Amino acid sequence: MASSLSQPADCASALAIAATNANNDAVASYSSQGPTVDGRNKPEISAPTSVQTSLSSFAGTSAAAPHAAGAAGLLWAQNPGLSLTDLRSALENKAHDINPAGYDWRTGFGRISLDADGDGSNHDDDNCVLVANGDQLDADSDGDGDACDSDDDNDGLSDFFEVNWDGDPAYTPGMDLNPLAVDTDGDTLSDFYEVNRDGDPNTYTPGMDLNPLAADTDGDGIPDNQDPEPLLGAIAGDIAPLGSPDGLVNAADFLVCLRVVLGIIDPPYTDIQNADLYPAGSPDSIIDLSDLILLQGRVLQP
């Protein structure tokens, strides 16, 4: 009921504590309500009731008041130099606002909630309760702030693994995996997918895993996300099957190249690169009789 506080809770120097249910922050029916009879705002804060002890449920203002006193004791122990005014302000300013929003005569500034890591956010609103995370960044929106999240981008690779890619735990763009990006090289394949190609996501094995820092691991001109054999690499003369070279240079490649020279088929650009053998060491991006002759020599060589 309004203005139901009694002495000593209504004293200006006292901190009046409302009682709220520990499970849902609902105000207890027996919790007194402000303002004081002379119009002052009371209560200042709220504290839990209906808590479970090792023996039984503990309810009433007899539970709420000790909770607030315990919070005050913790604050004072952490900051012995606090004045009573500062201590009171800390309890009020760090309180977790509950329904109704803002200061009200049922719950005051809110239910007690401390700031264990001193980053300015109380326990209820802090996404890193015991690790300072002042900006409250949470790159992957998983509820764990970046400062205490071992996998900030939630890609399945730990931040340590990603920033230690070059052997130095300091993050170096271009040399380390980006711990805030699922796909560092932007090839649409996740970093986890690329280093997990051999089934071990905790170790990068060249020749077995894709390189998460290179969109084209084998350097054959075909991006990893389009390459049927992303670890095979370009093999000079390998043009068959057309569009999906098999890593072999044989008669099939000669026949496909012959059809290209005759204008019967028009190969993809990546296949042109493979079959472009002339001039040796400085191909001209044209598939013609000169390339066919060089390819024939490769096919016929023992």
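Conventions used here
Residues numbered from 1 in each chain as written. Predicted model: local features only at pLDDT ≥ 70, side-chain atom pairs only at ≥ 80, totals over all residues. Heavy atoms only, no water. Axes fitted to C-alpha atoms, helices over the stretch in contact; angles between N-to-C directions. Helix = DSSP H or I, 4+ residues; strand = E, 2+ residues; numbered from the N terminus. Parallel < 35°, antiparallel > 145°, perpendicular 65-115°, else oblique. Contact = heavy atoms within 4.5 Å. Nonpolar A, V, L, I, M, F, W, Y, C, P; charged D, E, K, R; others polar. Left-handed = near helix turned anticlockwise from the far one by under 90°. Buried < 20%, exposed > 50% of the residue type's maximum accessible area, 1.4 Å probe, protein only. Core = buried A, V, L, I, M, F, W, Y, C linked by side-chain atoms within 4.5 Å. Polar contact = N/O pair within 3.5 Å; in protein donor to acceptor, adjacent residues only side chain to side chain. Disulfide = S-S within 2.5 Å.

Draft legend 1. Main features of the packing of helix α5 (residues 251–261) against helix α7 (residues 289–300). For the pair α5 and α7, the least separation of the axes is 10 Å and the interaxial angle reads 170 degrees. Taken together, the axis directions place α5 and α7 in an arrangement best described as roughly antiparallel. Counted together, Ala251, Asp253, Phe254, Cys257, Leu258 and Val261 of α5 and Leu289, Leu292, Leu295, Gln296 and Val299 of α7 form the full contact between these two elements. Class assignment for the residues of the contact of α5 with α7 results in nine nonpolar, one polar and one charged.

Draft legend 2. Inspection of the packing of helix α1 (residues 61–78) against helix α2 (residues 84–93) at higher detail. At their nearest, the axes of α1 and α2 sit 10 Å apart, and the two run at 120 degrees to each other. In this view, α1 runs oblique relative to α2, as classed from their interaxial angle. In this structure, α1 meets α2 at a crossing whose hand is right-handed. Residues Ala71, Ala72, Leu75 and Trp76 of α1 lie in contact with α2, whose contacting residues are Leu84, Leu87, Ala90 and Leu91.

Draft legend 3. Expanded view of the environment of Tyr193. Position of Tyr193 relative to the elements: it lies in helix α4 (residues 191–195). Judged by relative accessible area, Tyr193 falls into the partly exposed class, the value being 44%. Distance in space between the C-alpha atoms of Tyr193 and Cys128 is 29 Å, their sequence separation being 65 residues.

Draft legend 4. Here's a closer look at the nonpolar core. The biggest cluster of nonpolar side chains holds 14 residues, and the ones touching the most others in it are Ile45, Ala47, Leu75, Leu91 and Ile112. Counting residues per element, the ones that place at least two in this core are β2 (45–49), α1 and α2. Among the elements that make up this core, the one with the highest residue count is α1 (five residues). Listed in part, the 11 residues of the second largest apolar core include Val260, Ala275, Leu277 and Ile287.

Draft legend 5. Representation of the side chain of Thr36 in the model. Mapped onto the elements, Thr36 comes out in the loop between β1 (17–21) and β2. On the accessibility criterion, Thr36 (4% relative accessible area) is buried. Side chain to side chain, Thr36 and Asp38 meet in a polar contact 2.3 Å long. Setting aside chain neighbours within four positions, we find Thr36 in contact with Ser3, Asp10 and Lys42.

Draft legend 6. Here's a closer look at the state of the cysteines. Applying the stated criterion across every chain yields a total of one disulfide. One disulfide bridge connects Cys128 with Cys148, the sulfur atoms lying 2.1 Å from each other. Negative torsions about the S-S bond denote left-handed disulfides, and the value of about -95 degrees found for Cys128 with Cys148 makes this one left-handed. Placement of Cys128 in the loop between α2 and α3 (159–163) and of Cys148 in the loop between α2 and α3 is noted, with a sequence separation of 20 residues between them. For Cys148, a relative accessible area of 35% corresponds to the partly exposed category.

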